[in-house]
Amino acid sequence: MAEALANYLPQPIAYLMVGLLQCGLLLLVPFIGAMFFVWVERKVSARIQDRLGPTRCGGKYGWLQLLADGLKLITKEDLRPKDADAVLFRLAPYVSFCASFAALLALPFANGWVAQDLDVGVFFILAVLGLEVFGVILAGYASASKWSLFGAMREAAQVVSYEVPLGMCVVVPVLITGQMDLVKIGNMQQGLFTNWLVFHDPFTFITFWVYFTCATASVNRAPFDLAEAESELVAGFHTEYSGFRWLAFYMAEYGSMFAVSGLAAILFFGGWNGPLPIVHMLGLTPENGPVLAWIGNLLGLFNFVFKCVAGVTFMIWVRWTLPRLRIDQVMQVCLKYCTPIAAVMFLGATLWTFLLPGGVGLRSMPYAYRYVHATAAEPAEAKAPQGGVADASRADRRLVALTQSAAEGK
Amino acid sequence: MDAINWHSLFFLLFAVVACGSAVAVVVATNIVRMALCLIVSLGATSGLFFLAGADFVGSMQLMIYVGGTLVLLIFGVMLTAQGPFISMRTGGGDWIVAVMLSGCLAALLVPAAFSVVAWRNQPTVAVDAHADQHAADERGATAKIHQVSEVGTHESANDAAAVSFEGDQIGEGRPRTSTHIGLGLLGARVDRLQPGSADLKPGMAGYLLPFELVSVHLLVVLVGAAYLARTKRRAKPQREA
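Residues numbered from 1 in each chain as written. Chains lettered and ligands numbered in written order. Predicted model: local features only at pLDDT ≥ 70, side-chain atom pairs only at ≥ 80, totals over all residues. Heavy atoms only, no water.

Student: Would you mind going over the overall build of chain B with me for this structure?
Tutor: The number of helices and strands found in chain B is 8 helices and 0 strands. The order of helices and strands in chain B, counted from the N terminus, is α-α-α-α-α-α-α-α. Of all 241 residues assigned to chain B, the portion counted as buried reaches 25%. On chain B, roughly 16,400 Å² of surface is accessible, and the fraction owed to carbon and sulfur atoms is 70%. (Helix = DSSP H or I, 4+ residues; strand = E, 2+ residues; numbered from the N terminus. Buried < 20%, exposed > 50% of the residue type's maximum accessible area, 1.4 Å probe, protein only. Areas by Shrake-Rupley, 256 points an atom, 1.4 Å probe, with all protein chains shown as cover.)

Here it is, written out as structure tokens:
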């Protein structure tokens, strides 16, 4: 796209424009997402508590509430405690927000519609989402308030410990598909909804629920919102924040909720593939030209965003349904239940893939198969240089093909 | 208008950020700001890795050093830094030792860096990217067809293998870095490939065994640490009336 534009404009400007456009599109996700989800949260909580939710702000279903919230937060005075560390206090919300935003870089929104097509997309998203905890710690420390510090410590402890089962759950789809590339993982689940990895075997089905629990905890949603000390009526690490900086924390929270739901959608629920292969039946695939592929991707985008919003709504629903846990209960759920279950699921999925190599599972090991074939045939050449030539040369050719395909592009 | 060398531009950006915040770690007096500068420095280093096409190493840097080690560090600092320790000033003697040590290291590293022939007098990025890209695409396509046909004839049962061969490239013809690392662990030399190469000893497991040994070792260390750190139960529970 930048190259095409560079024919008409000076090259630096073309690159800058395309870069800004892509950044803007990505930024829309946390911005619009946060506004929309805050409104959804109010409406859902109101339904659950048997009241109406936003009613005074006008508009159908009170949608003007979005604008009212935004205006209020932007125009609020930017306060800072007297003893706070000024630089760190101002920096902390942006650290949180950047971490949550950077996770969206590697998240594909449809087949190939991804800001940065990373080979290790899953890994990158997990690594970057883990950085959000720095914003929390910095905010808690720099606020010069003991409640903030308590909140930050609890939250950091919780986030760091829940990364362990979360990572183990994510490994299961990676193991089955043999990929860490999110675009490929999504494309492997094409076809009927039975191809989705959550229905691949019983272990992945359970893994999904463990994943979702850990994801809820690692983005600090209730029932795991331990940062807030309710008995003292303070709001955890962002007690001292007001106005736009507080908004940045909130956008980070909703942004990472969207990111983990998107990861769940791609890893377990087929990503941008709908329950029926409508896109393929209509022929809206890249083989039939870029325009049709674009339309197909648009449908895929709709699917994907629908799945993400469903995930976030589910988190909101859980928040207003279940009671909060104590800190020891939170740690117990993580260490005594989630981690061992995730480990057992990992083992089970491994055995399932080995013992029942069919469907998607077969694709996980071509490299290993062919490498073993290639090396197993090689001693034949060493022992019997006359007889084993055909066999060995075939093995060599295979190995060369295998490694060339890996080394290609250099 | 000349094409801007974006690679060099971003390399300079990340390098300046990494070095600048590394200096800031040394200069800063507040211990938490030091930690923050360290985060920025390590993050910029991972940016350099991404720029070099090493996605896996870059993510690893983010996850292990920035996300793991530094969180522990900050926890440690915040829990222990009180009163006199919260701002640290370096004494004159420390400065002398530090300058001597870092001077020795620089004296080692700088000549080593300039002795690499390939880094001198060579443009880093092919300006004629279009032609190169096109050629690479063609090469990749023919190679793929070749592989797929071969695999198809020899392993008709394993047709899924062909599928995976198709998808060995990600966008823009970049190689898949994690595949390299995986093959390297299995003992394949992805950088040097001739049929029947002596580097490929039959039945050799590559670096898989050392890798597994290190993992088990780390696990044992973890379990040991948990055992040592657990709350000790008293041998004789004392009862108070």
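Anyway, onward from the coordinates.
Student: Would you mind going over the overall build of chain A with me for this structure?
Tutor: When helices and strands are tallied, chain A shows 15 helices and 0 strands. When each of the 410 residues of chain A is scored for burial, the buried share is 52%. A separation threshold of at least 6 residues defines the contact pool for chain A, and within that pool the share at least 24 residues apart is 77%. Total accessible area computed for chain A in this model is approximately 18,700 Å², and 69% of it derives from carbon and sulfur atoms. (Contact = heavy atoms within 4.5 Å.)

Student: Just to check I follow, could you spell out helix α6 (residues 132-142) of chain A for this structure?
Tutor: Along an α-helix, a turn takes 3.6 residues, which lines up residues three or four apart on a common side. Burial within α6 of chain A is extensive, with 11 of its 11 residues counted as buried. Along α6 of chain A, the positions that sit buried rather than exposed are Glu 132, Val 133, Phe 134, Gly 135, Val 136, Ile 137, Leu 138, Ala 139, Gly 140, Tyr 141 and Ala 142 of chain A. Contacts from the buried residues of α6 of chain A go to α4 (86-105), α5 (121-129), α7 (146-177) and α10 (243-268) of chain A together with α2 (31-51) and α3 (55-80) of chain B. Phi turns positive, to about 55°, at Ala 144 of chain A, one or two residues after α6 of chain A.

Student: What am I meant to see in the environment of Leu 298 of chain A here?
Tutor: All names here are of chain A. You can see Leu 298 is positioned in helix α12 (residues 290-321). Relative accessible area serves as the criterion here: at 39%, Leu 298 is assigned to the partly exposed category. Each C-alpha atom of the pair Leu 298 and Asp 85 lies 47 Å from the other, and the pair is 213 residues apart in sequence.

Student: In this structure, what is going on with the packing of α6 of chain A against α3 of chain B? I would like to understand it.
Tutor: Axis angle and axis distance: for two packed helices, these are the angle between their axes and the distance between the axes, and together they describe the pair. At their nearest, the axes of α6 of chain A and α3 of chain B sit 11 Å apart, and the two run at 15° to each other. Judged by the inter-axis angle, α6 of chain A sits roughly parallel to α3 of chain B. Judged by the sense of rotation from one axis to the other, the crossing of α6 of chain A with α3 of chain B is left-handed. For the pair α6 of chain A and α3 of chain B, contact is made by Val 133, Phe 134, Ile 137 and Tyr 141 of chain A and by Val 66, Leu 70, Val 71, Ile 74, Phe 75 and Met 78 of chain B, respectively. (Axes fitted to C-alpha atoms, helices over the stretch in contact; angles between N-to-C directions. Parallel < 35°, antiparallel > 145°, perpendicular 65-115°, else oblique. Left-handed = near helix turned anticlockwise from the far one by under 90°.)

Student: I keep staring at the packing of aromatic side chains and nothing clicks. Help me out?
Tutor: Aromatic rings in a pair are described by how distant their centres are and how their planes are angled relative to each other. Residues and elements named next belong to chain A. Applying the stated criterion to the full structure yields 31 aromatic pairs over all chains. With 4.2 Å between their ring centres and 10° between their planes, Phe 89 and Tyr 241 make a pair best called stacked. Taken together, the residues Phe 89 in helix α4 and Tyr 241 in the loop between α9 (202-218) and α10 connect sequence positions 152 residues apart. When its relative accessible area of 5% is taken as the criterion, Tyr 241 is described as buried. Each ring, one from Phe 97 and one from Phe 101, has its centre 6.2 Å from the other, and the planes form 5°; the classification is stacked. Placement of the pair is Phe 97 and Phe 101 together in helix α4, with a separation of 4 residues, close to one helical turn. In terms of burial, Phe 97 and Phe 101 fall into one category: buried. Grouping aromatic residues by their ring pairs yields a cluster made of Phe 193, Trp 196, Phe 199, Phe 205, Phe 208, Trp 209, Tyr 211, Phe 212, Phe 268, Phe 269, Phe 314 and Trp 317. Over the face of the ring belonging to Trp 147 we find Lys 146, whose NZ or CZ atom lies 5.2 Å from the ring centre. (Phe/Tyr/Trp six-rings, centres within 6.5 Å; stacked < 30°, edge-to-face > 60°. Lys NZ or Arg CZ within 6 Å of the ring centre and 35° of its normal.)

Student: What should I look at first to understand the pattern of salt bridges in this one?
Tutor: Between side chains of opposite charge, pairing is possible as soon as their charged atoms come close. All names here are of chain A. Taken as a whole, this structure holds 8 salt bridges over all chains when the rule is applied. With a closest N to O distance of 3.1 Å, Glu 253 and Arg 221 form a salt bridge. On the criterion of sequence distance, the pair formed by Glu 253 in helix α10 and Arg 221 in the loop between α9 and α10 is long-range, its members being 32 residues apart. Since its relative accessible area comes to 15%, Glu 253 is described here as buried. The exposure class assigned to Arg 221 is buried, which follows from its relative accessible area of 1%. (Salt bridge = Lys/Arg side-chain N within 4 Å of Asp/Glu carboxyl O.)

Student: Before we go on, may I ask you to explain unusual backbone geometry in this structure?
Tutor: Both trends apply: most residues other than glycine have a negative phi, and most peptide bonds are in trans. Residue and element names in this part refer to chain A. The phi torsion at Asp 50 lies on the positive side, around 60°, for a residue other than glycine. Residue placement: Asp 50 occurs in the loop between α2 (11-48) and α3 (65-75). Although it is not a glycine, Asn 220 sits at a positive phi angle of roughly 65°. For Asn 220, the location among the structural elements is in the loop between α9 and α10. Residue Asn 220 is classed as buried on the basis of its relative accessible area of 17%.

Student: Please clarify how the nonpolar core should be interpreted in this entry.
Tutor: Considering soluble globular proteins, one finds that nonpolar side chains tend to be buried as a cluster. Residue and element names in this part refer to chain A. Counting residues in hydrophobic clusters, the biggest one holds 110 residues, and the most contacted among them are Ile 125, Phe 134, Leu 182, Tyr 211, Leu 267 and Phe 304. Considering each element in turn, this core owes the most residues, 15 residues, to α10. When residues no more than four places from it in sequence are discounted, the contact partners of Leu 182 are Ala 106, Leu 107, Pro 108, Gly 121, Val 122, Ile 125, Leu 263, Ile 266, Leu 267 and Trp 272. (Core = buried A, V, L, I, M, F, W, Y, C linked by side-chain atoms within 4.5 Å.)

Student: Would you explain the side chain of Gln 61 of chain B in this entry?
Tutor: All names here are of chain B. Assignment of secondary structure puts Gln 61 in helix α3. With a relative accessible area of 10%, Gln 61 lands in the buried category. A polar contact of 3.2 Å, which involves the side chain of Gln 61, links it to the backbone oxygen of Leu 42. If sequence neighbours within four positions are ignored, Gln 61 has contacts with Leu 42, Thr 45, Ser 46, Phe 49 and Val 66. (Polar contact = N/O pair within 3.5 Å; in protein donor to acceptor, adjacent residues only side chain to side chain.)

Student: Sorry, what's going on with the environment of Leu 208 of chain B here?
Tutor: Mapped onto the elements of the fold, Leu 208 of chain B is located in helix α8 (residues 208-229). In this view, Leu 208 of chain B contacts Leu 185 and Leu 186 of chain B; residues no more than four positions away in its chain are not counted.

Student: Would you mind going over α3 of chain A with me for this structure?
Tutor: Residues and elements named next belong to chain A. Among the residues making up α3, those that are buried are Gln 65, Leu 66, Asp 69 and Leu 73. Viewed along the axis of α3, the buried residues span an arc of 105°, placing them on a single side of the element. Projecting away from the buried face of α3 at angles above 90 degrees are the exposed residues Leu 71, Ile 74 and Thr 75. For α3, the secondary structure elements touched by its buried residues are α2 and α10. (Arc of directions from axis to C-beta.)

Student: Is there a simple way to explain the packing of α2 of chain A against α12 of chain A in this structure?
Tutor: Residues and elements named next belong to chain A. One way to put it is that α2 packs onto α12 with a least axis distance of 10 Å and a crossing angle of 45°. The pairing of α2 with α12 is recorded here as oblique in orientation. Considering only the axes of α2 and α12, their crossing is right-handed. Contacts between α2 and α12 involve Phe 36, Phe 37, Val 40, Glu 41, Val 44, Ser 45 and Ile 48 on the former and, on the latter, Val 309, Val 312, Thr 313, Ile 316, Trp 317, Arg 319, Trp 320 and Thr 321. In terms of residue class, the contact of α2 with α12 is made up of 10 nonpolar, 3 polar and 2 charged. (Nonpolar A, V, L, I, M, F, W, Y, C, P; charged D, E, K, R; others polar.)

Student: What is the right way to look at the confidence of the model for chain B in this model?
Tutor: The predicted structure's coordinates, where accompanied by low pLDDT, should not be read in detail. Residue and element names in this part refer to chain B. Of the residues in chain B, 59% reach a pLDDT of 70 or more, and the chain-wide mean stands at 70. Below a pLDDT of 50 lies the segment residues 122-173, which in the model reaches 67 contacts outside its immediate sequence neighbourhood of four places, other chains included. For this predicted complex, the interface confidence score (ipTM) comes to 0.76, while the overall pTM stands at 0.77. (pLDDT = per-residue confidence, 0-100.)

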